[in-house]
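# Report on the structure
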Amino acid sequence: MEFTTEINDSLKLKQISSGLKFGTDALLLAAFIRRMPTKDAVEYGAGSGVISLLLAVRNKFRAVTAVEIQPEYAALIRKNAEENGLDGKVSAVCGDIREYRTEADVIFSNPPYMKATSGYRNTDDGKFIARHEVCGDIGDFCASAARNLKYGGLFYVVYRPDRLTDLLTALRENRLEPKRILFAAATAAHAPSLVLIEAKKGAAPGAKLLPLLCLTKPDGSDTDEMKRIYETGDYTDD
């Protein structure tokens, strides 16, 4: 069963009731990705297509191809693109990122965070595949990005800090050098719950660690930086 929610940028997003829902990780990744309006981008593991849609409506790229292994979600991406008037900018491919072949300027992903054998086994296959590494682990995502990016191309990923070592290892093993690293936390008093990384194919070592992004103030209201992200769709570190 599907339901529709109006989200940022007045997008009307159809989601599958039993599936994974639009969350802060997707919103932050869409904001963290740099604006490159003359370039094309590819999303790995697109789900409902929300990140691709946000980037398209903000004109961050010329076009976005959303790759999704689950047929029902690939169809949902096409429906979401069409109903938001973005079918000319967002296209969907039903396929496995481990086998996918292209030549891209930018690839981005909000990949499964949990190992296939860890955590609760959700009864909904779609949610289980979205959360667990049953259709490729972080090494597979990085290897595919390295294979399909042009030299100097950018790979963006949002991940869990408790698996940061796995992510950094997979990036370097695949010649994807981290250039910008951003941790996000609920408040300054909380440990980070998300890490976002921009990596460049073939680049020399050397990363910029950005200031901690706090989502809310102690009273529960949005921080000024989060207000800017909601209003502009961009995270700025200049």
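Here is what the cut-offs are and how they apply
Residues numbered from 1 in each chain as written. Predicted model: local features only at pLDDT ≥ 70, side-chain atom pairs only at ≥ 80, totals over all residues. Heavy atoms only, no water. Buried < 20%, exposed > 50% of the residue type's maximum accessible area, 1.4 Å probe, protein only. Helix = DSSP H or I, 4+ residues; strand = E, 2+ residues; numbered from the N terminus. Salt bridge = Lys/Arg side-chain N within 4 Å of Asp/Glu carboxyl O. Pairing = 2+ DSSP bridges. Right-handed = clockwise from strand over helix to strand, strands pointing away. Polar contact = N/O pair within 3.5 Å; in protein donor to acceptor, adjacent residues only side chain to side chain. Contact = heavy atoms within 4.5 Å.

Bringing helix H2 (residues 50–57) into the picture now. The buried fraction of H2 is high, at seven of eight residues. Of all the residues in H2, the buried ones are Val50, Ile51, Ser52, Leu53, Leu54, Leu55 and Ala56. Trailing H2 by a residue or two, Asn59 shows a phi angle of about 55°, which is positive.

Attention now moves to the pattern of salt bridges. Scanning the entire structure with this criterion turns up 17 salt bridges. Here Asp96 ties to Arg98 by a salt bridge, and the two come within 2.8 Å at their closest N and O atoms. For Arg98, a relative accessible area of 35% translates into the label partly exposed. Where Asp166 meets Arg163, a salt bridge forms, and the shortest distance between an N and an O atom there is 3.0 Å. A residue is classified by how much of its surface remains accessible, and Arg163, at 9% relative accessible area, is buried. The network of salt bridges with common partners includes Arg34, Arg180, Glu198, Lys208 and Asp237.

Right, let's get into the pairing of strand S5 (residues 90–94). Pairing analysis gives five bridges linking strand S4 (residues 63–68) to S5, with the strands arranged parallel. Residue pairing in the sheet places Ala66 in a bridge with Ala92 of S5. Crossover handedness for the path S4 to helix H3 (residues 71–83) to S5: right-handed.

Bringing the side chain of Asp234 into the picture now. Inspection of the secondary structure puts Asp234 in the segment after helix H7 (224–232). The class for Asp234 is buried, based on a relative accessible area of 19%. A distance of 2.8 Å separates polar atoms of two side chains, one belonging to Asp234 and the other to Lys60. In contact with Asp234, other than residues within four places in its own chain, are Ala31, Arg35, Lys60, Arg228 and Ile229.

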